[in-house]
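# A structural walkthrough
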Amino acid sequence: MFSLFKKFKAGLAKTVAAIAEKTHGLFGGQALDTSSLAALEEALYTADFGVETTGEILGEIKSAAKKDQALRGADAAAIGAAVLRRVLAGSEGTLENNVGGVPPGANPTVICLIGVNGSGKTTTAAKLAWRLKQDGRSVLLAAADTFRAAAVEQLKTWALRLELEIVASHTGADAAAVAFDAWRAAKARGHDYLIVDTAGRLHTKSNLMEELAKIRRVLKKNDPAAPQHAWLVIDGSIGSNSIEQARVFHKNFGLTGLVVTKLDGTSRGGAIVGIWRELKLPIYFLGLGEQAEDLQPFSVENYAKAVFGLDA
């Protein structure tokens, strides 16, 4: 648990540092005053927590300060974390513990990863497959982003490095056919999971949505319940701008969850809260670094404590 919390603290370090800089180390224990509260409000907006969440955090801190004149920055941090726990209640996505192989004749669980180019989708597919493999599950990757020239080779490279099984074709191949063949292979080999990497851009948005719909249709030909998961991979550095992106994909594909990446490279880690408040889509994983092990299951507790600089 402690090592996982350290991952969160390290991955959210830029967000924490930005808040600390704007508040002049408020959470280190200094006394609260009007100036420090104004600085905190600005810091929370800058970190992309949004109007609603920032208002709730400041409101509860001010209310507590009226009751206790000795309230200090460390107390404010604990209050802020408590607000985040409450706001994010129910936001943790969890995968069923399907360890040891699917029962004979059972179908693989399909996870489609969706999102625009540059979100870290292909990298996330590989990291997720590796993580599931480390947890004792058998996984097959499908390189169905056949539109982007580098995507297939990128996923193949990751698969080779992490010793993962993959079904791939050439650039420009029919993405739905790749997904279809991959499902058949996963079924035949008795895999627990099939992870499908999809395209993030085609000539027009309507072309992209049609391709995604086609992938879903061919998966359903094999298994009416597939895909069991459709996760949008969001670049955390674009902050609250990702909400509209999520709306579009949700409307067209029917999302079941989110993966937020690249949080180690941004000071806008508060956007997670706004995305959850707006869409109520569970957050399954966070990308907190470059290495395979830096894709971590989302934890409200670890996130709330890390953002406000609290210890585990």
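Attention in this report is confined to the structure presented alongside it. Because the structure is predicted, anything quoted here is derived from the model rather than measured.

### Regarding the side chain of D197
With respect to the helices, strands and loops of the structure, D197 is situated in strand 4 (residues 193-198). Setting aside residues no more than four positions away along its own chain, D197 makes contact with L113, K121, T122, A125, A142, A143, A144, D145 and L155.

### A word on helix 12 (residues 300-307)
Each α-helix turn comprises 3.6 residues. Residues three or four places apart therefore point the same way. With seven of eight residues buried, helix 12 is to be regarded as a mostly interior element. Buried within helix 12 are the following residues: V300, N302, Y303, A304, K305, A306 and V307. At the exit of helix 12 stands G309, carrying a positive phi of roughly 70°.

### Considering the environment of T123
Relative to the helices and strands, T123 resides in helix 6 (residues 121-134). Among the residues examined, T123 registers a relative accessible area of 18% and is labelled buried. Remark: the alpha-carbon pair of T123 and L295, spanning 172 residues in sequence, is separated by 9.9 Å. Beyond its immediate sequence surroundings of up to four residues, T123 is in contact with Q154 and W158.

### A look at the sheet that holds strand 6 (residues 257-261)
Overall, mixed pairing links the eight strands, which are arranged 3-2-4-1-5-6-7-8 in an open sheet. Bordering the open sheet on either side are strand 3 (165-167) and strand 8 (295-297), each of which pairs with just one other strand. For this sheet the average axis-to-axis angle between neighbouring strands, irrespective of direction, equals 25°. The strands touched by helix 7 (residues 149-162) are strand 2 (139-144), strand 3 and strand 4; relative to strand 2, the strand with the most contacts, the crossing angle is about 160°. Relative to the sheet, helix 10 (residues 242-253) contacts strand 1 (109-114) and strand 5 (229-235), its axis offset from that of strand 5 by approximately 160°.

### A look at the packing of aromatic side chains
One pass over the structure, following the stated rule, counts three aromatic pairs. Taking 4.2 Å as the distance between ring centres and 20° as the angle between the ring planes, the aromatic pair formed by W231 and Y284 counts as stacked. With W231 in strand 5 and Y284 in strand 7 (residues 283-287), this residue pair connects regions lying 53 residues apart in the sequence. Seen in terms of ring centroids, W231 and F285 are 6.0 Å apart; in terms of plane orientation they differ by 50°. Their pairing is tilted. Of the two residues, W231 is situated in strand 5 and F285 in strand 7; the sequence distance between them amounts to 54 residues. For W231, a relative accessible area of 0% gives the class buried. Among the aromatic residues, ring-to-ring pairing joins W231, Y284 and F285 into one connected group. The ring of W158 has R161 lying over it, and the distance from NZ or CZ to the ring centre is 4.3 Å.

### Comments concerning the packing of helix 9 (residues 205-222) against helix 10
Look at helix 9 against helix 10: their axes get within 10 Å of each other, and the N-to-C directions meet at 45°. Classed by the angle they form, the pair helix 9 and helix 10 counts as oblique. Every pair of crossing elements has a handedness; the one defined by helix 9 and helix 10 is right-handed. Contacts from K205, L208, M209, L212, A213 and R216 in helix 9 reach V248, F249, N252 and F253 in helix 10. Taken together, the residues that form the contact of helix 9 with helix 10 break down as seven nonpolar, one polar and two charged.

### What about the environment of D48?
With respect to the helices, strands and loops of the structure, D48 is situated in the loop between helix 3 (34-46) and helix 4 (50-67). Considered as a pair, D48 and G270 are 222 residues apart in the sequence and their alpha carbons are 4.9 Å apart. Not counting the four nearest positions on each side in its chain, D48 is found in contact with G239, S240, R268, G270 and A271. Within the local environment of D48, its side chain forms a polar contact with the side chain of R268, the two groups lying 3.0 Å apart.

### Some remarks on the side chain of T54
Assignment of secondary structure puts T54 in helix 4. Polar side-chain contacts of T54 include one of 2.7 Å to the backbone oxygen of G50. Residues contacting T54, with those up to four places away along its chain left out, are E41, L44, Y45 and F49.

### Describing unusual backbone geometry
In the segment running from A226 into P227, the intervening peptide bond is cis, with an omega of -10°. Residue placement: P227 occurs in the loop between helix 9 and strand 5. Of note, the phi angle at K262 is positive, near 60°, even though the residue is not glycine. Along the chain, K262 turns up in the loop between strand 6 and helix 11 (271-279).

About the thresholds
Residues numbered from 1 in each chain as written. Predicted model: local features only at pLDDT ≥ 70, side-chain atom pairs only at ≥ 80, totals over all residues. Heavy atoms only, no water. Helix = DSSP H or I, 4+ residues; strand = E, 2+ residues; numbered from the N terminus. Contact = heavy atoms within 4.5 Å. Buried < 20%, exposed > 50% of the residue type's maximum accessible area, 1.4 Å probe, protein only. Pairing = 2+ DSSP bridges. Axes fitted to C-alpha atoms, helices over the stretch in contact; angles between N-to-C directions. Phe/Tyr/Trp six-rings, centres within 6.5 Å; stacked < 30°, edge-to-face > 60°. Lys NZ or Arg CZ within 6 Å of the ring centre and 35° of its normal. Parallel < 35°, antiparallel > 145°, perpendicular 65-115°, else oblique. Left-handed = near helix turned anticlockwise from the far one by under 90°. Nonpolar A, V, L, I, M, F, W, Y, C, P; charged D, E, K, R; others polar. Polar contact = N/O pair within 3.5 Å; in protein donor to acceptor, adjacent residues only side chain to side chain.

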